[in-house]
Amino acid sequence: MSQVSQETSPTGTRATQAIGVLALAVMAWVVASGLLLTPQDVVQGESVRIMYVHVPSAWIAYLAFVFTAVASAGWLISKKHSMGFDRFAGASAEVGVMFMAITLITGSLWGRLTWGEFWQWDPRLTTTAFLFVTYIGYLAVRRLEGSVEQRARRSAVVALLAVLEIPLVHFSVVLWRSLHQGATVLNPNGDVKMDDLMLFTLFSGVVGFTLVFIWLVLHRQRTMLLVDVADNQGLDLAIVARRAEGPAN
Amino acid sequence: MIASFSNVVVVYDNFPALAGASFEIASGEIVLLQGPNGAGKTTLLRACAGLLPIARGSAIVLGCDLGVDRRAVRAKVGLLGHANGLFPDLTVAENISFWSRLIGASAQDVETAMQIMGLSDRLSATRVANLSAGQRRRCALATLIVRRAQLWLLDEPHAGLDSQGRDELDKTLRSARDAGATVVFASHEIDRAQNLATRSLTVVGGVVTET
Amino acid sequence: MIASFSNVVVVYDNFPALAGASFEIASGEIVLLQGPNGAGKTTLLRACAGLLPIARGSAIVLGCDLGVDRRAVRAKVGLLGHANGLFPDLTVAENISFWSRLIGASAQDVETAMQIMGLSDRLSATRVANLSAGQRRRCALATLIVRRAQLWLLDEPHAGLDSQGRDELDKTLRSARDAGATVVFASHEIDRAQNLATRSLTVVGGVVTET
Amino acid sequence: MKNSLDTGVTKGKVVTAVLSKDLKIEMRSRVVTNQVLPFAGLVMVMFAFALDNDDVLQRVAGGLVWLATLFSLFIIVQRSFAIDTQDGALDSLRVAGIDLSAVFFGKAIALALKLIALEIVLICGAVLLYRVDLTASGLVLLVTCVLCATSGLAFVGILYGGLTAGAKGRETLLPLLLLPVVAPVLIAATRATEAAFGSGGAQTSEGWAWIGLLTVFTAVFGVSGSLAFGSLIDE
Amino acid sequence: MKNSLDTGVTKGKVVTAVLSKDLKIEMRSRVVTNQVLPFAGLVMVMFAFALDNDDVLQRVAGGLVWLATLFSLFIIVQRSFAIDTQDGALDSLRVAGIDLSAVFFGKAIALALKLIALEIVLICGAVLLYRVDLTASGLVLLVTCVLCATSGLAFVGILYGGLTAGAKGRETLLPLLLLPVVAPVLIAATRATEAAFGSGGAQTSEGWAWIGLLTVFTAVFGVSGSLAFGSLIDE
Ligand code: HEM
Ligand SMILES: Nc1ncnc2c1ncn2[C@@H]1O[C@H](COP(=O)(O)OP(=O)(O)OP(=O)(O)O)[C@@H](O)[C@H]1O
Ligand SMILES: Nc1ncnc2c1ncn2[C@@H]1O[C@H](COP(=O)(O)OP(=O)(O)OP(=O)(O)O)[C@@H](O)[C@H]1O
Ligand SMILES: [Mg+2]
Ligand SMILES: [Mg+2]
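These numbers come from a predicted model, not from an experiment.

J.: Would you mind going over the site of ligand 2 with me for this structure?
T.: As a structural note, the neighbourhood of ligand 2 is formed by 19 residues, with Ser132(B), Gly134(B), Lys41(C), Thr42(C) and Thr43(C) the closest of them. Surrounding ligand 2 is a set of residues that belongs to chains B and C. In the model, an oxygen atom of ligand 2 is placed 3.1 Å from a nitrogen or oxygen of the Gln135(B) side chain. A distance of 2.9 Å is found between an oxygen atom of ligand 2 and a side-chain nitrogen or oxygen belonging to His188(C). Bound to the protein, ligand 2 loses 91% of the 630 Å² it would expose on its own. At the level of elements, helix H5 (133-147) of chain B together with strand E2 (15-25) and helix H1 (41-48) of chain C are the ones that each hand at least two residues to the shell around ligand 2. In the shell around ligand 2, the residues fall into 5 nonpolar, 11 polar and 3 charged.

J.: Please clarify how the coordination of the magnesium ion (ligand 4) should be interpreted in this entry.
T.: All names here are of chain B. Protein ligation of the magnesium ion (ligand 4) involves Thr42 (OG1) and His82 (NE2), the donor distances falling in the range 1.9 to 2.3 Å. Of this pair, threonine 42 sits in helix H1 (residues 41-48) while histidine 82 sits in the loop between strand E6 (77-80) and helix H2 (92-103); the two residues are 40 residues apart in sequence, bridging distant segments of the chain. For threonine 42, a relative accessible area of 24% gives the class partly exposed. Judged by its relative accessible area of 35%, histidine 82 is partly exposed.

J.: Looking at this structure, I do not really get the pairing of strand E3 (residues 30-34) of chain B. What am I missing?
T.: Consecutive side chains along a regular strand alternate between the two faces of the sheet. Residues and elements named next belong to chain B. The buried fraction of E3 is high, at 5 of 5 residues. Residues of E3 alternate between two faces, with Ile30, Leu32 and Gln34 on one and Val31 and Leu33 on the opposite face, all of them buried. By the bridge criterion, 4 bridges tie E3 to strand E8 (residues 182-186) in an arrangement that is parallel. Directly across from isoleucine 30, in E8, lies its bridge partner valine 183. With 4 bridges joining them, E3 and strand E9 (residues 199-204) adopt parallel strand pairing. Bridge pairing links leucine 32 to serine 200 in E9.

J.: Please explain the interface of chain E and chain B as it appears in this structure.
T.: Interfaces are often sized by the amount of accessible area the parts lose when they come together. Taken together, the contacts link 37 residues of chain E with 35 residues of chain B. Across the chain E/chain B interface, buried area totals approximately 3,200 Å², and carbon plus sulfur atoms make up 57% of it. Summed over the shared surface of chain E and chain B, the number is 4 salt bridges. Across the salt bridge formed by Arg46(B) and Asp91(E), the nearest N and O atoms sit 2.7 Å from each other. At the surface where chain E touches chain B, the tally comes to 9 residue pairs in polar contact (both at pLDDT 80 or more). Mapped onto the side of chain E that touches chain B, the elements with two or more residues apiece are helix H1 (11-29), helix H3 (55-85), helix H4 (89-94) and helix H8 (204-234) of chain E. Broken down by class, the residue content of the side of chain E that touches chain B amounts to 14 nonpolar, 12 polar and 11 charged.

J.: So what exactly am I meant to see when it comes to a nonpolar patch on the surface here?
T.: Residue and element names in this part refer to chain A. A cluster of nonpolar side chains, namely Trp29, Val31, Leu35, Leu36, Leu37 and Phe200, defines an oily patch on the protein surface of about 640 Å² accessible area. With 5 residues, the single largest contributor to the nonpolar patch is helix H1 (residues 14-37). Mapped onto the secondary structure, tryptophan 29 falls in helix H1. A relative accessible area of 32% means that tryptophan 29 is categorised as partly exposed.

Definitions and limits used
- Residues numbered from 1 in each chain as written.
- Chains lettered and ligands numbered in written order.
- Predicted model: local features only at pLDDT ≥ 70, side-chain atom pairs only at ≥ 80, totals over all residues.
- Heavy atoms only, no water.
- Near = heavy atom within 4 Å.
- Polar contact = N/O pair within 3.5 Å; in protein donor to acceptor, adjacent residues only side chain to side chain.
- Areas by Shrake-Rupley, 256 points an atom, 1.4 Å probe, with all protein chains shown as cover.
- Helix = DSSP H or I, 4+ residues; strand = E, 2+ residues; numbered from the N terminus.
- Nonpolar A, V, L, I, M, F, W, Y, C, P; charged D, E, K, R; others polar.
- Donors = N, O, S within 2.8 Å, 3.2 Å for Na, K, Ca; no water.
- Buried < 20%, exposed > 50% of the residue type's maximum accessible area, 1.4 Å probe, protein only.
- Pairing = 2+ DSSP bridges.
- Contact = heavy atoms within 4.5 Å.
- Buried area = accessible area lost by both parts, 1.4 Å probe.
- Salt bridge = Lys/Arg side-chain N within 4 Å of Asp/Glu carboxyl O.
- Patch = residues over 30% accessible without salt bridge, like charges linked within 9 Å, V, L, I, M, F, W, Y side chains within 5 Å.

This is the structure in structure tokens:
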């Protein structure tokens, strides 16, 4: 049974407002620093500034998909099968797909500047595209007809399988020889070859995008709850109409 | 109580095919479901078999709460739907022996079931695709008889059978009841059905009323 | 004579489903075909509609010799088989209007047919895949009524209909007969069928005998 | 009772009724969009992935487009008759007493429209993925080629589809019958497309010779289909 | 009345019952032999024809074999569930109260056997048509690769096939779900096959690295399939 509360308050709370303000502040700093303060790259020139969006969005997409998987596992394991887990998984995947799209778009723009082409059949790019499609499929599974429990169960299985693709994307640069940048920041040796301010801006970007992610997910799962409430009220009306077919005839 | 439904709602897409159905079925009954087309009889039978999610209300069948776990009940019921559930490319004998292997029935049981349903040697070596409509229904019934379920759920079981087949089926259902099973079936042939049933329920507009 | 069969043999693969069937049907009759499962009733109806090749014997339906040309007769008969002949992805209204466009029936005819078969506005906008079994049968009958054929061939037309639908169907068939059509139908519900029919033929083992 | 079966329903009306039914069912069930297109797309992507940075890609582009089309042809033809046979609607069509050559054209046009929609996507894919340069004269050739080849494929597809529909187990015969017949179309269309794409330095003018072959093929199967379809499906 | 539902039917018996049913139906209906094989064959021949006398042919040989296999995977998976859903047998399976992971393995093994039969033909075709030289060590690699990749594909195919079977319209989701998942298998298997064929001077040893990836994939989907299939198909 879905635990649908009848309350219909706005989707925001004090806490989400705070997160929203914080996210805006951090993002403002990232924009200022990324566009104005950080130096050009020796090789890439101005185009390196795309990195402050490209890399964090990729990582936050990963984060979102991992959250989806964790929430899905939570739904499967928990005895009560609380629908909160399922809504959280769905909301997180939707936001993750959005961030993955940002990665793809900024990546191709960057590619146009550095490689002269929007798209290359490179392993990192190809696997990223596959990951994107996988989660489109996940969202499609959520839209299949059926009860909320059916939706939760099916999509939980898909989410747990889909998350396994992330290592494939991450290590694709190692597995296949790749045109794409290798692990510059998250490399196994731990020595980061990057200007300090650039690095700081990059990490600010990560923090800012994380805040945006949290803000979006909290709101989205609240709207999903409201949709379920509305569906439930629609069902009340439909039941009345159906019963009216009854003995009258 | 073999089955007890209270205010059960079952929804397709957004349409509540069962809109608050409440009834109880005791052990050893043969219950007829009657009612107009689209009333919700098929939906009710499939819900009893644990095939449809219960949106609201509480449904307990053979001691299993369908709201909690719909899968537990399935091993104990036998279901014959509007469709026959056969593989058209396999012969009658292959179809029946497939199902009997799954539930571990003996060759003797299979033999008996085929005899009851009048599936002769010629027919049992025929592909289901090449059978007449009534012969197919007989084959489906034979797979069900092999199953020896505790609760038999039958959706218009007489449809397509000739009069001899109908009599044979009624006899089989009665003897299953005598052996301790419970039978619930939907039918539009009121006379024959009321003759067979020990009790009849009327389904209209997704609601069940005692007749 | 609307139909006259003499020693007709119809073969599937190597099996003679009709093994020398002879009978005659006059204009304005409502003929019941009865007989056990696998007797050859469906085969007989399909042969009448010109859908099956005549291996031996002579079959003349509505003045067309089926041994010579089976296609000429088809424009004049209406056939309802065990299957409904509907497109599950289309709505009820779309299904019926498709067939009515093919034969040039008016919107008025469509409206009437749907009313006779009790297909309400809600149902007519529903996809056939989402209908109950009886509602689907009603939809198939509605497409047939639109057709206004000279010879109606119906294979267990009552199957799946609720009692009100059965009465409605009987009324429709009688009024079609009154308007000059001839009806041949197979059925296993002997009581109701004999009530409707003006004459009944028994099919057993591929041979037709007068009852 | 008025016998409305004799009121002349024009051939055109039957064609549109059948055509709109087939298209409506596709709109609802989305077999082409959801099943055929992704696979065709994958084929293109995989080749791009396997053979990147190679002029080979340009050379195989035309062939791939038509191979994917051919593959889709099988699936769509099968589906096109499956919707008619699954609940016995084909029998009702047979006894409807209508002009079956109109059914042939209705189904063929629906098939052709689905194929053309698919080909447009595939060709755009080839142009983008394989970096094909398309000149204006190449485009004219390409459009002609698509129209001719597709209508030819649609006619053969429906003709043989009708032959193999109906009886159980016969559907599996379809590829066997269809393959040898459509192979020439595949070759001609590929060559014309290569000429349009300028693959391997081919000239646009070379392409027009192939168009002639395609036109003959289309005409032959259009005529024989409209004559023979009725008696094939009727049995 | 004795309730025979409780008599323990071992998992192995259910696996063999389902397996032999699926194979018997294939023997009767010959979908793989008559529908999938001709198309796969055509693809091979067309490429041989289009790219003759070229070392390109050798380079694409491995990829073609696996592309054709993937294509067949879709058709066979769909067919494998269509035989269960067309007359409602899937519902009977659900209410049979049997261990559904046994059904998973039964169906997956049947699928794998069909795919392997197909691959053998395709590989022989590639060796003959594309004049691939196969060394003894290459052959060992090839056999391992075929076994690993095919069982992986079979597991995913049945798992997602079960998810999309049942409700109308759901089947069209299958390609969307399956494609991104099997694409890595396709790539890994292609690379391993290329190594086995020695295409483009690839070493056999390079191939074994890919086998590792394939094994992981197979293990993941075998385990998750046997755990999740029951609850997916059950709904
Ligand atoms: C459409 C094209 C592109 C896509 C889909 C894409 C995708 C990705 C993804 C998924 C990541 C996260 C990798 C991980 O940590 O697992 C990433 C990181 C990165 N990308 Fe891209 N990328 C694209 C183009 C580019 C281009 C053109 C450049 C620069 C020349 C670039 C530079 C980077 C860098 C520097 C990282 C951080 C790598 C690390 O430190 O681990 N990307 N990209
Ligand atoms: N396609 C076929 N191939 C071979 N034999 C067939 C085929 N269809 C029917 N038969 C056989 O022909 C005989 C007559 O079948 P038919 O469908 O005409 O019976 P029927 O009288 O309509 O029976 P029912 O009352 O069950 O509908 C049956 O014995 C059947 O097994
Ligand atoms: N898959 C579906 N999607 C949407 N609505 C459905 C679906 N199946 C059935 N319905 C609707 O649910 C209602 C109940 O259907 P059900 O099949 O239970 O009726 P029934 O009592 O068995 O009727 P019949 O006597 O015709 O078999 C019908 O109004 C039908 O239109
Ligand atoms: Mg029903
Ligand atoms: Mg019959």
